[in-house]
Amino acid sequence: MESFSLILAIVVVTALAFDFTNGFHDTANAMATTISTGALKPKIAVAMSAALNLVGAFLSVEVANTISKGLVDENGIRPEVIFAALVGAILWNLVTWLVGLPSSSSHALMGGLIGATVASAGFGAVHGDVLVTKVLLPAVAAPVVAGLAALLSTRLSYTLSKNAEDEATRKGYRAGQIASAGLVSLAHGTNDAQKTMGIITLALIAGGSIAPGSNPPTWVILSAGLAIALGTYIGGWRIIRTMGTGLTDLQPQQGFAAQTSAATAILASSHLGFSLSTTHVVSGSVMGAGLGRKGGTVRWSTATRMIVAWVLTLPAAALVGALAESVTDLGDWGTAAVAVFLVAASATIWKLSRREVVDSSNVLGTEAGEPAGVVTTAIAAVTPPPAGQVTDGLTATIPAPAPAAPATDPAATV
């Protein structure tokens, strides 16, 4: 095994901690719609997703290579820089998890890496062409493409099943949802687990443990896969609630269409080496599926909050990463101070989350939906009162129905 310094060991442990947060932050991507439509029970869903995330981690290293070889210049990057990048990514993941917003763990990681690299080596150490072509453009295009595909798939699903028996259709699509959810989990492992592999590989190169240009060692692939699988099994119930019931109300046909579209987009991007945000893809496909059903709606206030979080993710993580790098640059005591701050901030966020616990027992609670809007409230206010009731000093003009006359016995008239 490669030779390790203390700082390199700290970086590896912190990277695996980030991978863990990535797992529970992104569980909703694979299983929120499956849980919300009743296709799988919550705990079974997250266990299945965890196992397939682990399998997916071994299928490809293209995305890992994009992180370790393409995004920033390997030369001159110190392990402390990568540690600072991970601090920015972890804190953003935890803050957005606390408020139940499905933001991008991928962009948090890359934002932290970019900010820490710029603080350490300047803007010239960031490969702008890779950032644009393999990060920013996919971030914009992926949710749009996945959303349109899900919208069309949803309409096609309803068209094909319009003459079928409702109960049989629901059972069939729920079975399809389980398969497509498994595919999303597998795809998530091929994309998101590799980002941690890439960051650990970059740290090993920066620490002189492996040669520049190396692929991730086997132990890195295994440990990253296990970390994201464990995080997935824990279940990010707050984000599952938002994605499953807070964004739109889904039927099995819509859930199947959303997950199939998302899995296709994620697997294609992994093959091409695009460091895609699975959160963006799945959110786009869920919104597309919501609009694809006749009478379906999207809760745009929730969607707007999500999009704002997407836009802020990369710069916010970059800012924290840059600040953390500035402190670690002061020496060993600076690195220790950043580590203490990370642990204290994480503990504080966890303690705040205990004020309102969300778990498998209440993940589908009504809290996820939006409050009644102005129109709904107005309609309820003008509902006609029962006949004869006095309202605002006026008596309703519709009389109450008279009681029916008793039936007459013909025999009594004889």
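The structure this text deals with has already been given above.
Every value quoted in this text rests on a predicted model; they were computed, and no experiment measured them.

A. Geometry of the overall build of the chain. Counting its secondary structure elements, the chain contains 14 helices and two strands. Taken across its 414 residues, the chain has 53% of its residues classed as buried. If you take every contact in the chain between residues at least 6 apart in sequence, the share linking residues at least 24 apart comes to 86%.

B. Expanded view of the pattern of salt bridges. Following the criterion strictly, the structure yields four salt bridges and no others. Among the ionic pairs, Arg78 bridges to Asp329, the shortest N-O distance being 3.5 Å. With a gap of 251 residues between them, Arg78 in the loop between helix H3 (62-70) and helix H4 (79-98) and Asp329 in the loop between helix H12 (300-328) and helix H13 (332-353) connect regions that are remote in the sequence. Since its relative accessible area comes to 26%, Arg78 is described here as partly exposed. On the basis of relative accessibility, which here comes to 53%, the residue Asp329 falls in the exposed class. The salt bridge partner of Arg241 is Glu356, with a shortest N-O separation of 4.0 Å. Highlighted residues: Arg241 in helix H9 (residues 237-246) and Glu356 in the loop between H13 and helix H14 (374-381), separated in sequence by 115 residues. By relative accessible area, Arg241 is classed as buried at 7%. Shared partners join several salt bridges into a network, and the residues in it are Arg78, Glu80, Glu325 and Asp329.

C. Just the layout of surface pockets, in detail. Estimates place the volume of the largest pocket at around 450 Å³. Taken together, 20 residues make up the lining of the largest pocket; nearest its centre are Ala139, Val140, Pro143, Val144 and Trp310. Elements represented by at least two residues in the lining of the largest pocket include exactly helix H6 (128-160), helix H11 (278-292) and H12. No other element matches H6, which puts eight residues into the lining of the largest pocket. Taken together, the residues of the lining of the largest pocket sort by class into 15 nonpolar, five polar and no charged.

D. Just H12, in detail. Between its first and last C-alpha, H12 extends 41 Å over 29 residues, near the 42 Å set by a 1.5 Å rise per residue. In H12, a bend of some 40° at Thr313 exceeds every other bend along the element, and Pro315, a proline, comes one to four places later.

E. Up close: the packing of aromatic side chains. Per the stated rule, a full pass over the model turns up two aromatic pairs. On the numbers, 5.6 Å between centres and 75° between planes, the contact of Phe20 with Phe24 is edge-to-face. Remark: Phe24 and Phe20 occur in helix H1 (residues 6-36); sequence separation between them is four residues, near one turn of the helix. Judged by its relative accessible area of 26%, Phe20 falls in the partly exposed class.

F. A look at empty space enclosed by the protein. Within this structure, the stated rule accounts for one cavity of 30 Å³ or more. By volume, the largest cavity is sized at about 30 Å³. Lining of the largest cavity is provided by Gly23, Asp26, Thr27, Asn29, Ala30, Ser49, Asn53, His188 and Thr232. Broken down by secondary-structure element, the contributors of at least two residues to the lining of the largest cavity are H1 and helix H2 (42-56). Among the elements that take part in the lining of the largest cavity, H1 stands out by supplying five residues, more than any other. Residues of the lining of the largest cavity, tallied by class, amount to one nonpolar, seven polar and one charged.

G. A look at a nonpolar patch on the surface. Together, Phe58, Leu222 and Leu226 line one region of the surface with nonpolar side chains, adding up to about 280 Å² of accessible area. Position of Leu226 among the secondary structure elements: in helix H8 (residues 218-234). Among the residues examined, Leu226 registers a relative accessible area of 45% and is labelled partly exposed.

H. Here's a closer look at the packing of H1 against H11. Here H1 crosses H11 at 25°, and the two axes come no closer than 8 Å. Between H1 and H11, the angle falls in the class roughly parallel. Handedness of the crossing formed by H1 with H11: left-handed. Contacts from Asp26, Asn29 and Thr33 of H1 reach H11 at Thr278, Thr279, Val282 and Val286. Each residue belonging to the contact of H1 with H11 can be placed in one class, and the counts come to two nonpolar, four polar and one charged.

I. View of the environment of Asp249. Mapped onto the elements, Asp249 comes out in the loop between H9 and helix H10 (252-272). Taking C-alpha positions, Asp249 is 7.6 Å from Gly296, a pair spaced 47 residues apart along the chain.

J. Structural view of the environment of Ser120. Turning to its location among the elements, Ser120 is positioned in helix H5 (residues 105-121). Classification of Ser120 as partly exposed rests on a relative accessible area of 28%. Through-space distance from the C-alpha of Ser120 to that of Glu80 is 9.5 Å; in sequence the pair is 40 residues apart. Not counting the four nearest positions on each side in its chain, Ser120 is found in contact with Arg78, Val81 and Glu325.

K. Representation of the nonpolar core. In this structure, Ile82, Leu86, Ile199 and Ile240 are the most contacted members of the largest nonpolar core, which totals 91 residues. Considering each element in turn, this core owes the most residues, 13 residues, to H4. Beyond its immediate stretch of four places on either side in the chain, Leu86 contacts Val11, Thr14, Ala15, Phe18, Leu109 and Ile199.

Criteria and cut-off values
Residues numbered from 1 in each chain as written. Predicted model: local features only at pLDDT ≥ 70, side-chain atom pairs only at ≥ 80, totals over all residues. Heavy atoms only, no water. Helix = DSSP H or I, 4+ residues; strand = E, 2+ residues; numbered from the N terminus. Buried < 20%, exposed > 50% of the residue type's maximum accessible area, 1.4 Å probe, protein only. Contact = heavy atoms within 4.5 Å. Salt bridge = Lys/Arg side-chain N within 4 Å of Asp/Glu carboxyl O. 1 Å grid on protein atoms, 1.4 Å probe; cavity = no way out; pocket = protein on both sides within 12 Å on 5 of 7 lines; lining within 4 Å. Points joined across faces, edges and corners; volume = space filled by probe spheres on them. Nonpolar A, V, L, I, M, F, W, Y, C, P; charged D, E, K, R; others polar. Expected span 1.5 Å × (residues − 1). Bend = angle between axes of the 7 residues up to and from the residue. Phe/Tyr/Trp six-rings, centres within 6.5 Å; stacked < 30°, edge-to-face > 60°. Patch = residues over 30% accessible without salt bridge, like charges linked within 9 Å, V, L, I, M, F, W, Y side chains within 5 Å. Areas by Shrake-Rupley, 256 points an atom, 1.4 Å probe, with all protein chains shown as cover. Axes fitted to C-alpha atoms, helices over the stretch in contact; angles between N-to-C directions. Parallel < 35°, antiparallel > 145°, perpendicular 65-115°, else oblique. Left-handed = near helix turned anticlockwise from the far one by under 90°. Core = buried A, V, L, I, M, F, W, Y, C linked by side-chain atoms within 4.5 Å.

Any functional reading would require information that these geometric values do not contain.
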